[in-house]
Amino acid sequence: MTSEKTTPPVKTANQRGAARLAAVQALYQMDIAGSGVLEVVAEYETHRLGQELDGDTYLKADASWFRSIVAGVVRDQTKIDPLIRQALQDDWSLSRVDSTVRAILRSGTFELLERKDVPVAVIVTEYVEIAHAFFQDDEPKLVNAVLDRIAKQVRSTVAK
């Protein structure tokens, strides 16, 4: 018997997953603070992605994936938001949705539209996991349902 402590392996997020989480956080920050895309992207790349900030170490993220999501959501928001509104229940407006959930839905919708090389199941699962990181209740189910509806609309063959 050895005196070394054995700890279970820690599941590390992949770099694209970390980029998705950072993109959601950046979009949330832009929504709440009214910050511009260039300012927020520069802040994240300089001070957050793979860095230590206030005692927390941020995961190493695929910076180009992060930039692509944030810039793409901002660029395509007039195309993304109507798709989300259409996928929400009739009595829900996009402005009624929590800011974090809105950032998650916008990021996921952007990837469904623009990242045809990434399977729908990967995109939906990653963003549902991000929702679980922030919420305990119905929000992850909402993210799953809305992204699934959008995927069925924008991808001709949806394989889950």
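The structure contained in this document is the topic of the report that follows. (Residues numbered from 1 in each chain as written. Predicted model: local features only at pLDDT ≥ 70, side-chain atom pairs only at ≥ 80, totals over all residues. Heavy atoms only, no water.)

What follows covers the packing of aromatic side chains. For the coordinates displayed, the defined rule picks out zero aromatic pairs. The ring of Trp-65 carries the charged tip of Arg-16 above its face, separated from the ring centre by 3.8 Å. Cation over ring: Arg-115 sits above Trp-65, and NZ or CZ is 3.9 Å from the ring centre. (Phe/Tyr/Trp six-rings, centres within 6.5 Å; stacked < 30°, edge-to-face > 60°. Lys NZ or Arg CZ within 6 Å of the ring centre and 35° of its normal.)

To continue, consider the pattern of salt bridges. Applying the stated criterion across every chain yields a total of eight salt bridges. In this structure, the salt-bridge partner of Glu-114 is Lys-79, at a minimum N-O distance of 3.7 Å. Taken together, the residues span a long stretch of sequence, with Glu-114 in helix H5 (residues 99–114) and Lys-79 in helix H4 (residues 77–87) at a distance of 35 residues. Look at Lys-79 and you get partly exposed, because its relative accessible area is 41%. Close ionic contact of Asp-138 with Lys-141 constitutes a salt bridge, the shortest N to O distance being 3.9 Å. (Salt bridge = Lys/Arg side-chain N within 4 Å of Asp/Glu carboxyl O. Helix = DSSP H or I, 4+ residues; strand = E, 2+ residues; numbered from the N terminus. Buried < 20%, exposed > 50% of the residue type's maximum accessible area, 1.4 Å probe, protein only.)

Time to look at the nonpolar core. In this structure, Ile-84, Tyr-127 and Val-143 are the most contacted members of the largest nonpolar core, which totals 43 residues. Every residue in contact with Tyr-127, bar those within four places of it in the chain, is listed here: Arg-20, Val-24, Ile-69, Ile-104, Ser-107, Gly-108, Glu-111, Val-143 and Leu-147. (Core = buried A, V, L, I, M, F, W, Y, C linked by side-chain atoms within 4.5 Å. Contact = heavy atoms within 4.5 Å.)

Across its 15 residues, helix H6 (residues 120–134) extends 22 Å between first and last C-alpha, which sits within 8% of the 21 Å expected from 1.5 Å per residue. By the burial criterion, the buried members of H6 are Val-120, Ile-123, Val-124, Glu-126, Tyr-127, Val-128, Ile-130 and Ala-131. On its buried face, H6 sits against helix H1 (15–33), helix H3 (63–75), H5 and helix H7 (139–154). (Expected span 1.5 Å × (residues − 1).)

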